[in-house]
Amino acid sequence: QVQLVESGGGLVQAGGSLRLSCAASGRTFSSYAMGWFRQAPGKEREFVAAISWSGGSTYYADSVKGRFTISRDNAKNTVYLQMNSLKPEDTAVYYCAAMSRLLWGSSTPHHLNSYEYDYWGQGTQVTVSS
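The following paragraphs examine the structure supplied in this document. Just so you know, these numbers come straight off a predicted model, no measurement behind them. (Residues numbered from 1 in each chain as written. Predicted model: local features only at pLDDT ≥ 70, side-chain atom pairs only at ≥ 80, totals over all residues. Heavy atoms only, no water.)

1. Digging into the pairing of strand S3 (residues 18-26)
In terms of strand pairing, strand S1 (residues 2-7) meets S3 through six bridges, oriented antiparallel. Bridge pairing in S3 places valine 2 opposite glycine 26. Here six bridges tie S3 to strand S8 (residues 78-83), and the two strands are oriented antiparallel to one another. Across the sheet, residue leucine 20 finds its bridge partner in S8, namely leucine 81. (Pairing = 2+ DSSP bridges. Helix = DSSP H or I, 4+ residues; strand = E, 2+ residues; numbered from the N terminus.)

2. What to know about the side chain of histidine 111
Along the chain, the position of histidine 111 falls in the loop between strand S9 (92-100) and strand S10 (119-120). Other than its neighbours up to four places away in sequence, histidine 111 contacts Phe37, Phe47, Ala50, Tyr59, Met99, Trp104 and Tyr117. (Contact = heavy atoms within 4.5 Å.)

3. Considerations on the environment of valine 48
Here valine 48 shows up in strand S5 (residues 46-51). Owing to a relative accessible area of 0%, valine 48 belongs among the buried residues under this scheme. When the C-alpha atoms of valine 48 and threonine 78 are compared, they prove to be 17 Å apart, with 30 residues separating the residues in sequence. Each residue touching valine 48, except ones within four places of it in the same chain, is listed here: Trp36, Phe37, Arg38, Tyr59, Tyr60, Ala61, Val64, Phe68, Leu81 and Tyr94. (Buried < 20%, exposed > 50% of the residue type's maximum accessible area, 1.4 Å probe, protein only.)

Taken by themselves, the reported measurements are silent on function.
Structural data, given as structure tokens:
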């Protein structure tokens, strides 16, 4: 089992920044690739960013590319999402999730699909005002 706890959400004006953190406990953190997803009211959960178990490779949704940065610190069992130049359309509950490292790097982009992730945090609200 892996327990994930997100923090760092809040209310910010458009153009501002926030850094989300996701602290993991339980089984070996480095056994997992990590992803961030978000869900806005009335919409489906969508992929935001993902990072390999080593931190050596990352993927981003087109909507956040160039504005968001995912990183991880395996010594601290924590993954981060730095969000800059925030827009009102970034408003959502943000979730971190853990996926087996065995699914990373294949020709199939498993990291895009929420059903590939085994463990999820409870979510943290991000609200961007215009």
